[in-house]
Structure formats: C-alpha cells, structure tokens
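Structural overview for review
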Amino acid sequence: MPVSTFLGIQTTLRGLLAQQRALDVTSHNIANANTEGYSRQTVVLAPSDALTLPTSGSSSTGAAAQIGTGVDARAYSRVRDQFLDLQYRGQSMSLGEHTARSSSLQQAELALAEPGENGISATLGRFWNAWADLANAPESAAGRQAVIDRGRMVSESINGLQRSLADARVRAGAEYDALAGPGGDVARMTGDLAATLNAIRDAEMTGAQPNDLYDRRDLLLDRLSSFGQVSAAASAAGGMDVTLGGVTIVDANDTTGLSSVPPGAFPLTFASSPGGRLGALLEMRDAAGPIASFQVDLDEVARSLSDAVNGIYGAPFFTYGPGTDGLPALAVNEPAISPGSLRGGPAGPGDNSLALAIARLRGGDADERYGRLVTGIGNAVSDAKRSEATARALTDNIKDRRDSVSGVSLDEEMTGLIRFQRAYQAAARAMSTTDEMLDTLINRAGRVGL
Amino acid sequence: MNTRITGSMLTRGVLADLNEIAGRQSDLRRKMSSGKEIGRPSDDPYRAGRALRLHQELDGIRQYGRNAGEALGWQRVTDTALGHITDMAQRARELIVQGANDTLAAEGRNAIADEIDQLIAGIKQEANATYDGRYVLGGSRTDVAPFDSTVRRTDPLVAPNDAYAGDAYVQQREIGVGVTLGINVRGDEILGGAPGASGNMLAVLRDAATHLRTGDTNALRDTDLASLQGQIDNVLTVRTRVGAGMNRLEAATSRLSELEESATMLLSDTEDADMARTLVDFSTQQAVYQSALNAGARIVQSSLMDFLR
C-alpha cells in the first residue's frame, strides 16, 4: 500500500494542533492559578493510529511495518486525588466544629472578667470585707450601708454573668438558625450543589468530561463539610446522593434528574449531632451543653452564697429565685434589709456576732464553687483553643498535600509553556521542510530541458 | 514522589507562620503592658484558680489587720479609762485613811465625804469612755452611757444613781482564721451596779461616804479600807488582762503584716509576668518576625518568570 506524499503535512498538522491544545490548557491553568477549588488540568497526548505498510516480501512473511501518523490530544484530565478530598472534608468538619465551639466558649470566658478587679471573685471579697468592717463597728450606719451596697454589687455581678452565659447560648442558637435556616448558607449551597450535579449529569450524558464543573462540585462539598458530616455517593446513573449529618440534601433521582430538598425543609432536623459547625452550635445552645452546665454551676454559687448568708443572718438577707427574664436572680432583700434594719447581732447595737460569723464565710463554699467554675471555664476554653489549633494545623497540612497534587505551580506552567512552544515551533519547521520537499517535487521535478 | 510545591502552598505557609508569630507577639505585648502572666483563665486555668484563692487569702489577711488595728484602738481607750479609775480610787483611799482619823472634826469628815461623792461621779465619768462614739464599757449597749455620771450626794434615804446600763455581752474581734479575741471590759465587772458581776467599787465608796458622814471611824478603818483595796486590786487585774490583750493584738498585727508580705510575694509569683524574660522573649519574637517577613517576601516574589525572557 502506497503512502501518500502528503502524509508528512498531516502528521505535522496534528503536532501543531496538539501543542496548541496543550498551550491552551497551560493558559487555562495559569489563568486559574488563584481560583479556589481549581485543580490543574493536563492534556493526555497519545500517538495517533499508525499506518500499517507492507514491506518488501511481506506477502510471503506476513511482516508489516507501521508508520506513525503524529499525535492526538486524547483527553483533558483533572489532576485530583479523591482520597485527599475525603481526608480534607473530615478535617474541615472537625475544624468547623472546634472553631465554633472555641468562639462560643470564649464569649463565656470574656463575660467572667477574671482575673480582674471587676470579677465576681473581687466583688465577693469586698462583700466579706464590708461584713468584717461592720463587725468592727456594728453601730455604724455607714458600715451597714456598705454591706447593703456590696451585697447589691455581688448580686448584680452574679446576675450579669448568668445573663451573659444565657446570651452566649442564645447567640449560638441565632447563628445556627442563620446558617441552617431557610435562605441560609446551607440551603443556598444545597441548591447550588444540586444544580451543579445536574449540569454534570447532562454533560456526562453527551460523553463530555466537565472538569470545571467537577471542581465546582468538590468545592461546594468542601464548604458544606465545614458545617457538618458530608457524605457523597455516586449513583449508578451518574448522579450523586449527598447527605449532611445523615440527612439527604441532594437525591440522585435517576429518572427525573437530581432533586434537592425543598426550601421548606430548612432548618434540617438531625437525628443525632451533625458534627461540624452546626453540631458545635447545637451543642452550645443545648440545655445540656457546656455553657448550660456553667450556668448550673453559677446557680449553685449564688444559691450557696444566699443560703449561707441567710442561714447565719437568721432572716432573708438575699432573695434568690427566677427573675423577670426567667433567669435566676440574686438580690438583697430590700426593703426588709435597709441601713435602718440591718443588725450586726441580736443584742444591743454593739453586738457583732452575726456580722462576725458572716465575715467568716470568706473563702467558704461559695468562693470555692466560684473558683472551680473559673477553673472549669478556663479549662474548657483552653481545651477548645488547643483542639482548634490542632484541627487548623491538620487542615492546613491536608490542604498542602492536596495543593501539592492539584494546585497550579506557575514555575511548572512556565516550563510547560516553553516546552509546548518549542514543540509547536519544531512542528512548524517540519511542516516547512515537507513543504520545501514538495516544492522540489512539484515545481522543479520534470523540468529537464525547460 | 517528589512533593510539588505550588504557589498557594507557599503563600499559605508564609501567612500561617506570620500569623502565629504575630499572635505570640500580641500575647507578649499584653503581658508587658498589663504586667500579668495571665490575661484570661484559659491562658493557664490552674494558675488562674490559684491566683483567685491567693487574692482571697490576701483580702482576708488585710481585713484581719484592720480588725486588729480597730481592736487595739478600742483597748487603748479602755486601758486609759481603767488607769484613771485606779488613780481616783487611790485618791479615795487616801481620803478614807484621812477620814478614819478619830481626831478629825465632823465638818472635816463631811468635806471628805463630799469629795468622795465627787470622785464617784468622776469614776463613772471615766467608765463612760468612748471610742469612735461608742461606749467601750457597756457590753453590746454601746449607744447608751453605762453609768449616770451626774454627782449625787450619798444619802441612805436616796437611792444612788449607780446602776449599770450596759449588758454582759463580750465583743469579739477576729484577728486570724478562727482566732477571735474578746476585747471589751464591762463596767459592772469593775464598778458593780448589777447586772451582777464581780466588781463593786461604787457601793464600797458609797458605804465609805456614809460612814464618814456618820463618823463611824471603826467601820472606815476595819472594813472600808480593806474593801476598797480589794476593788483597786480587781481593777488592776482587769487592766492586766487588757494589757495582755493589747500585747496579743500588737503581736498579731506584726505577724499579719509578715503574712501579708509572704502572701503578696506568692501572688506575685503566681500572676505577675517575669518582665526580664518577657522583654527578652519579645525581642526574640521581633527578630523572628523580621526574618520570617524577609524570607516570605523573597520566596513569594521570585518565580521562573524573572529569568525567562
């Protein structure tokens, strides 16, 4: 079988086109060097089908030679490691959870104002001092007024902390509602994800490989994973089932395309903690969560203080019970307790026995309990901060590993640029060489004697 | 497989490092400006709890110091009053010795009796001593004078105004954990006048005045002198007790100031920043920050593009 004279032109043309495609992909990579979630793409080049030529004597031996016909761009592939994606999503969930927990707990810690002059500990100290001063001069009207004032201050600071802790829980709840509620980030991303998955399905049906849509899908899954446990399973027909915290948010309905949960389904109802940021926010809001347990501890501090003082005083000095906002409120029992009625002791005006006994409560149960509460909150916050730092380091580490695989390296693209440019130039040279050869054949051959 | 290093890895790494160093710097800056090792309980929960307890302890020690100072002032007033009472009782004793002399005329004895009546009022006046507006010899009745100190002539037909208006309450002051000290002397303890106690000086003096007016020199010599001496001894005993209390308070005050010093030191060890170390750390961090910035700037800037035409 004869070989066409023009085979060389066809071969170099393929080379030119392939190098051009490779340059296009390189440009695409460079353009997206800073695009979040982008994975670098490569052209898969492969030699095009060879021509089989019978060689001399091949009819008897059956041997044949093959001649190459150049190169084909077979595919444009996305460089991505799915296992790193899974690891990343796991870590991202843990980072989301620890960040939300740490920020909520730090609000509680800030409300403590410890160590400091305005903390409850210092206020309690001044309250005991006022009683001790009253014991030194039980007749003093100023001393009695001071005891009542300090009592008010202790009440206010304990009530203030109780309110701040309740606020921290309310804020966690509000943040959860904003994120998980209708129109929130989760709902919006779910809609995006369903649309992207549908587009991928449509593209795949036509045999295309929509790399950039894959990137978009993976980016959305990455982002969702910081909110909670995400799992994505490909279905047989090319769609994908996606669940968040065990609740299906995108359903690969094989016949009618993918459907996402309707907007009315938000906020989603989770059977167990969804993990991630949503899980942490739910935990902080929860009546059995860590902030609520601080509230219980503080409640015990106030009760212990009120019981101890009232027990010794023999009449209610403090009142303690639900306040107008439903939170427990400590207050000096006014007007029953007033500078006129407050007594240092049951006998004459010089009797200081009660004041002395109450001043001796310093460092007692209420102080002890409060100290434990401060240490408890400190430990919880310090643990949360440490976990957050660890999760952040691990997430960064996996991000690095993923970037190492999928990220765009400009140096690499620059070398690619040179490589493909040179190859293109060489192919062009080959083309002109062939052209010159044909020129010789067509224009110069057979002109003997002209 | 060689690890590919991409641009985003580099920038992320540089940023993360800079962030961490800046965080450490801000922590050190807080330590330097506040002078405290811990700004929040989570910086060191154990240390924060310990600092709270030490603050409490220090508060208590300072309060005990104030209590002891108060008590000392109270006892000084008491001591002075007891001193004056003793002086006047001694004067009365001298007068009785003079009046017991049989050669003295009745007018002379009457004059001495008048002076004793004056001394009785003077002694009661001393017993009404006050500290900070409070009557120190009245038990818990610190708002009323324990004795009526107007001069009333001793007369068998007229009731004397020598009743004790206070009560038997013992005023306690706390000068240490669980250490209390009764600081008051009751008026009835030395002068009598019910509600029943050991002293009886006023009645003894009243008897002497009566005996002077009736010229009963035997009674003056035999019983009154001895009784009065007994009452003076009683006051001296009580005064010794007050003196011992004052010694104890002074000892407590100096012990409390030592305790305060050591508690302050302990607290400072617990919560104060080590300034020298913090400063050294800070300048180290600054140097590290500089070099991280330097390295970051160089590595992020350069690329193959700089070398290709």
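Residues numbered from 1 in each chain as written. Chains lettered and ligands numbered in written order. Predicted model: local features only at pLDDT ≥ 70, side-chain atom pairs only at ≥ 80, totals over all residues. Heavy atoms only, no water.

Turning next to the overall build of chain B. When helices and strands are tallied, chain B shows seven helices and four strands. In sequence order, the secondary structure elements of chain B are arranged as α-α-α-β-β-β-β-α-α-α-α. Here the C-alpha atoms of chain B give a radius of gyration of 39 Å, more than 25% beyond the 19 Å that 2.2 N^0.38 yields for 309 residues. Seen along its three principal axes, the alpha-carbon backbone of chain B occupies a region of about 140 × 30 × 25 Å. (Helix = DSSP H or I, 4+ residues; strand = E, 2+ residues; numbered from the N terminus. Rg over C-alpha atoms; globule rule 2.2 N^0.38 Å.)

Of regular secondary structure, chain A possesses twelve helices and ten strands. Radius of gyration (C-alpha) of chain A: 39 Å, far over the 22 Å computed for a compact globule of 450 residues. C-alpha extents for chain A along the principal axes are approximately 150 × 45 × 40 Å. The buried share of chain A, reckoned over its 450 residues, is 46%. Here the contacts in chain A between residues at least 6 apart in sequence split such that 71% fall between residues at least 24 apart. For chain A, the accessible area works out to roughly 20,700 Å², and carbon and sulfur atoms hold 55% of it. (Buried < 20%, exposed > 50% of the residue type's maximum accessible area, 1.4 Å probe, protein only. Contact = heavy atoms within 4.5 Å. Areas by Shrake-Rupley, 256 points an atom, 1.4 Å probe, with all protein chains shown as cover.)

Ranked by internal contacts, the top residues of the largest apolar core, which has 79 residues, are A:Trp131, A:Leu305 and A:Phe317. A per-element tally of this core places helix H5 (residues 141–180) of chain A first, with eleven residues. Here A:Leu305 is in contact with A:Leu124, A:Phe127, A:Trp128, A:Val154, A:Ile158, A:Phe318, A:Leu330 and A:Ala366, once residues within four sequence places are set aside. Ranked by size, the runner-up nonpolar core spans 49 residues in total, among them B:Leu119, B:Ile120, B:Leu225 and B:Val242. (Core = buried A, V, L, I, M, F, W, Y, C linked by side-chain atoms within 4.5 Å.)

On to the interface of chain A and chain B, then. Each partner contributes to the interface: chain A provides 55 residues, whereas chain B provides 42 residues. Both sides of the chain A and chain B interface together cover about 3,900 Å² of buried area, and 52% of this is carbon and sulfur. When residues of chain A are sorted by the area they lose upon contact with chain B, A:Pro115, A:Asn136 and A:Ser404 head the list and together hold 16% of the total. The interface formed by chain A and chain B contains eight salt bridges. (Buried area = accessible area lost by both parts, 1.4 Å probe. Salt bridge = Lys/Arg side-chain N within 4 Å of Asp/Glu carboxyl O.)

Moving on, we get to empty space enclosed by the protein. Here the structure, examined in full by the defined rule, presents one cavity of 30 Å³ or more. The computed volume of the largest cavity comes to approximately 30 Å³. Together, A:Ser121, A:Asp367, A:Tyr370, A:Gly371, B:Leu52, B:Arg53 and B:Gln56 line the largest cavity. At the level of elements, helix H11 (365–406) of chain A together with helix H2 (45–99) of chain B are the ones that each hand at least two residues to the lining of the largest cavity. (1 Å grid on protein atoms, 1.4 Å probe; cavity = no way out; pocket = protein on both sides within 12 Å on 5 of 7 lines; lining within 4 Å. Points joined across faces, edges and corners; volume = space filled by probe spheres on them.)

Residues and elements named next belong to chain B. Packing of H2 against helix H6 (residues 217–271) leaves a shortest axis separation of 7 Å and a crossing angle of 160°. In this view, H2 runs roughly antiparallel relative to H6, as classed from their interaxial angle. Considering only the axes of H2 and H6, their crossing is left-handed. Here the residues of the contact of H2 with H6 sort into 28 nonpolar, 14 polar and eleven charged. (Axes fitted to C-alpha atoms, helices over the stretch in contact; angles between N-to-C directions. Parallel < 35°, antiparallel > 145°, perpendicular 65-115°, else oblique. Left-handed = near helix turned anticlockwise from the far one by under 90°. Nonpolar A, V, L, I, M, F, W, Y, C, P; charged D, E, K, R; others polar.)

Attention now goes to the side chain of B:Gln231. Among the secondary structure elements, B:Gln231 is positioned in helix H6. If sequence neighbours within four positions are ignored, B:Gln231 has contacts with B:Ile190, B:Gly199, B:Asn200, B:Met201 and B:Val204.

Quick look at the packing of aromatic side chains now. Applying the stated criterion across every chain, the model contains ten aromatic pairs over all chains. Where B:Trp74 meets B:Tyr131, the ring centres are 6.3 Å apart and the plane angle is 70°; that geometry is what we call edge-to-face. Taken together, the residues span a long stretch of sequence, with B:Trp74 in helix H2 and B:Tyr131 in strand E1 (residues 130–131) at a distance of 57 residues. Relative accessible area serves as the criterion here: at 0%, B:Trp74 is assigned to the buried category. Here a set of aromatic residues connected by ring pairs shows up, and it is made of A:Phe127, A:Trp128, A:Trp131, A:Tyr313, A:Phe317 and A:Phe318. Note that A:Arg402 overlies the ring of A:Tyr88, its terminal NZ or CZ placed 4.2 Å from the centroid. The ring of B:Trp74 carries B:Arg173 above its face, with NZ or CZ at 5.7 Å from the centroid. (Phe/Tyr/Trp six-rings, centres within 6.5 Å; stacked < 30°, edge-to-face > 60°. Lys NZ or Arg CZ within 6 Å of the ring centre and 35° of its normal.)

Moving on, we get to the pattern of salt bridges. Tallied over the entire structure, the rule returns 60 salt bridges over all chains. The partner of A:Glu36 in a salt bridge is A:Arg223, and the shortest N-O contact between them spans 2.9 Å. A residue pair is termed long-range when its members are at least 10 positions apart, and A:Glu36 in the loop between helix H1 (7–31) and strand E1 (41–47) and A:Arg223 in helix H7 (residues 211–225) qualify at 187 residues. In this structure, B:Glu115 engages B:Arg91 in a salt bridge whose closest nitrogen and oxygen atoms are separated by 2.9 Å. Taken as a pair, B:Glu115 in helix H3 (residues 106–127) and B:Arg91 in helix H2 lie far apart in primary sequence, 24 residues in all.

A separate point is helix H8 (residues 276–285) of chain A. Among the residues of H8(A), A:Gly276, A:Leu278, A:Gly279, A:Ala280, A:Leu281 and A:Met284 are the ones counted as buried. Of the surrounding elements, those touching the buried residues of H8(A) are helix H3 (82–112), H5, helix H6 (185–205), strand E6 (240–244) and helix H9 (290–313) of chain A.

What follows deals with unusual backbone geometry. Residue and element names in this part refer to chain A. The linkage connecting Glu114 with the following residue, Pro115, adopts the cis geometry, with an omega of -10°. When you line up the elements, Pro115 lands in the loop between H3 and helix H4 (120–136). Note that the residue after Glu334, namely Pro335, is joined by a cis bond; omega there is 5°. Mapped onto the secondary structure, Pro335 falls in the loop between strand E10 (328–332) and helix H10 (353–359). The backbone phi angle of Ala113 is positive, close to 55°, even though this residue is not glycine. With respect to the secondary-structure elements, Ala113 resides in the loop between H3 and H4.

In this model, chain B carries a mean pLDDT of 90, and residues with pLDDT of at least 70 account for 97%. Confidence estimates for the predicted assembly give a pTM of 0.84 and an ipTM of 0.86. (pLDDT = per-residue confidence, 0-100.)

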